[in-house]
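# Notes for the structure review
Chain residues, written in single-letter form:
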Amino acid sequence: MKVKAGIIGFGYMGHFHLRKCREMDCFDVAAAYDINPDKLADAREEGLQAYEQLRDFLNHPGMELVFICTPNDVHASLAIACLEAGLHVMCEKPVTMNGEELERVIAAAERAGKIFTVHQNRRWDIDYLMVKNAVDSGVIGQPTTILSRVYGQRGVCFGWRADPKAGGGMLYDWGIHLIDQFLCMFRGHKVTSVYARLQSILTPAVDDSFELQLIFDNNVCAKVQVGTFCLQDLPRWFVYGDRGTLKIDDFSGKTGGMARIKGQVQGFDSVFGKNLGPSRTMAPLKPEYLETLPMPQAETDPYAYHRNLAAAVRGEEASFVSHADMRRDMQVVDAAFLSSRLNQVIGTDI
């Protein structure tokens, strides 16, 4: 049977989830609630029952699941209201504003015996899966440092994302996705330290740029760099291994490169040519020492998250994004805000 669902917050992501659900055969989205009359008019045009009051929305006949797609500051209060009304909840990211809020929502979910999860859909991005497969396979050896970058050019945070009270800023917006990717990539390994530098370059009230460094207990250094004002391209991913290097240029995963050394390269006997660059240390390898590899392969399923969500509501599967996953994500976010505020490395056991 189809899962009967409703949407709170009928903006961009509300429309996204409606479209995704209508492309599948496991959901019936029937209702929407928003405080903006224009958004309610949009919902009616989409054939949904539009509610001006939350209490009326929560009593929509037969509704089982709610998609929360509002500004970040009301995620926790709305999730608790839905759970206490006996409804399952899928919340947009970040799941809450901090770890304390998250614990209150998890407690409400456990009391109600209902599903509470968050939309971490970028676990299925093809570029991320390519990097994860390369790391898991050991094709370029043990990773030492992995750079994950998302840069834009327009230099602004739009709408409520520029409002600190609403939970604006890039750490909440993009950072939570990229943190979650690294925590999934190294599942089973602890984050032992966090260092973050948040900046407000062209959006004064919130962080429109940040750098974040996570050190894992396997000695991998994961670096996240996000900015809204970068007018030259840098690769989406750059992976240093102790046997080779992987570069992925953008989200498509179609361009980049991967190479590793052959045998054991030691000293200057492996360099070639009269022009050795700035120094012999930084000189290129002789061709016979270098092996160019095909780009890592990966397959993705754009409906995997929503299909699992429907199965979880029906009691057939566990949610892909667990309470433990959400806790780890928010613990890193909390540590990042603290690190930036104190301008120091924060020791962690996450």
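Residues numbered from 1 in each chain as written. Predicted model: local features only at pLDDT ≥ 70, side-chain atom pairs only at ≥ 80, totals over all residues. Heavy atoms only, no water.

## A word on the overall build of the chain
Inclusion rule: Secondary structure is summarised from DSSP: a helix means a run of H or I of at least four residues, a strand means a run of E of at least two, and numbering begins at the N terminus for each. The globule rule is 2.2 Å times the number of residues to the power 0.38, and the radius of gyration it is compared with is taken over C-alpha atoms. The buried label goes to any residue with under 20% of its type's maximum accessible area, the exposed label to any with over 50%, and the partly exposed label to all in between, with areas taken from a 1.4 Å probe on protein chains only. Contacts are assigned to residue pairs that have any heavy atoms within 4.5 Å of one another. Method for areas: the Shrake-Rupley scheme with a 1.4 Å probe, in which residue coverage is limited to the protein chains shown.
Within the chain, the regular secondary structure consists of nine helices and 15 strands. Compactness check: the chain gives a C-alpha radius of gyration of 23 Å against a globular reference of 20 Å for 350 residues, within 12% of the reference. The proportion of buried residues among the 350 residues of the chain is 50%. For the chain, the proportion of contacts with a sequence separation of at least 24, taken over those separated by at least 6, is 69%. Summed over its atoms, the accessible surface of the chain is roughly 16600 Å², and 50% of this surface lies on carbon and sulfur atoms.

## Things to note about helix α2 (residues 37-45)
We apply this condition: Here a polar contact is taken to be a pair of N or O atoms separated by no more than 3.5 Å, where protein atoms must pair a possible hydrogen donor with a possible acceptor and residues adjacent in sequence count only if both atoms sit in side chains.
N-capping of α2 is provided by Asn36, with a side-chain oxygen placed 2.8 Å from the backbone N of Asp38. One or two steps after α2, the chain reaches Gly47, where phi turns positive at roughly 85 degrees.

## Comments concerning the state of the cysteines
Our working rule: Counting rule for disulfides: a pair of cysteine sulfur atoms within 2.5 Å.
A full pass over the atoms with the stated rule returns zero disulfides. Of all cysteine sulfurs, the one in Cys26 lies closest to Cys21, which takes part in no disulfide; the gap is 7.2 Å.

## Re unusual backbone geometry
In this structure, Pro94 follows Lys93 across a cis peptide bond, with omega equal to -10 degrees. As for its position among the elements, Pro94 is in the loop between β5 (88-91) and α5 (99-112). We note that Asn219 has phi near 70 degrees; this positive angle belongs to a residue other than glycine. Relative to the elements of secondary structure, Asn219 occurs in the loop between β9 (209-216) and β10 (221-227). On the basis of relative accessibility, which here comes to 65%, the residue Asn219 falls in the exposed class. In this structure, Asn343 takes a positive phi of about 55 degrees despite not being glycine. Structurally, the position occupied by Asn343 is in the loop between α9 (323-342) and β15 (346-347).

## Remarks on the packing of helix α6 (residues 126-137) against helix α7 (residues 170-185)
A pair of packed helices can be characterised by two numbers: the angle between their axes and the separation between those axes. For clarity, the cut-off: Throughout, an axis means a line fitted to C-alpha atoms (over the contacting stretch in the case of helices), and angles, computed between N-to-C directions, take values from 0 to 180 degrees. Should an angle fall under 35 degrees it is called roughly parallel, over 145 degrees roughly antiparallel, and 65 to 115 degrees roughly perpendicular, with every other angle called oblique. Left-handed describes a crossing whose near helix is turned anticlockwise from the far helix through less than a right angle; right-handed describes the clockwise counterpart.
Interaxial distance between α6 and α7 falls to 11 Å at its minimum, and their mutual angle equals 25 degrees. It follows from the interaxial angle that α6 and α7 lie roughly parallel. Seen from above, α6 lies across α7 with right-handed handedness. For the pair α6 and α7, contact is made by Tyr128, Val131, Lys132, Val135 and Asp136 and by Gln181, Cys184 and Met185, respectively.

## What to know about the sheet that holds strand β12 (residues 244-248)
This is how it is decided: Strand pairing is assigned whenever DSSP detects at least two bridges linking the two strands.
Strand order in this open sheet of nine strands is β14-β13-β12-β11-β7-β10-β9-β8-β15, and the pairing throughout is mixed. Single-partner strands in this sheet number two, and they are β14 (290-293) and β15. As defined by bridge partners, strand β13 (residues 256-261) adjoins β14 across four bridges and the pair is classed as antiparallel. Paired with Arg260 across the bridge in β14 is Glu291. Contacts from α9 reach β8 (191-199), β9 and β15, with the element oriented near 55 degrees to β8.

## Considerations on helix α1 (residues 12-22)
Regarding α1, the residues found buried are Met13, Gly14, Phe16, His17, Leu18, Lys20 and Cys21. Residues of α1 that are buried in the fold lie against β1 (3-8), β2 (27-33), β4 (65-68), β5 and α8 (304-313).

## Some points on the sheet that holds strand β3 (residues 49-51)
What the six strands build is an open sheet, ordered β3-β2-β1-β4-β5-β6; its pairing is parallel. What marks the edges here is a single partner per strand, and that holds for β3 and β6 (116-118). Here the strands of the sheet are splayed against their neighbours by 25 degrees on average, with no regard to which way each runs. Against the sheet, α2 makes contact with β2 and β3, and its axis sits at roughly 165 degrees relative to β3, the strand it touches most.

## A few points about the environment of Arg55
Within the element layout of this structure, Arg55 appears in helix α3 (residues 54-58). On the basis of relative accessible area, Arg55 is assigned to the exposed category, the value being 58%. Distance from Arg55 to Gly227, taken between C-alpha atoms, is 39 Å for residues 172 residues apart in sequence.

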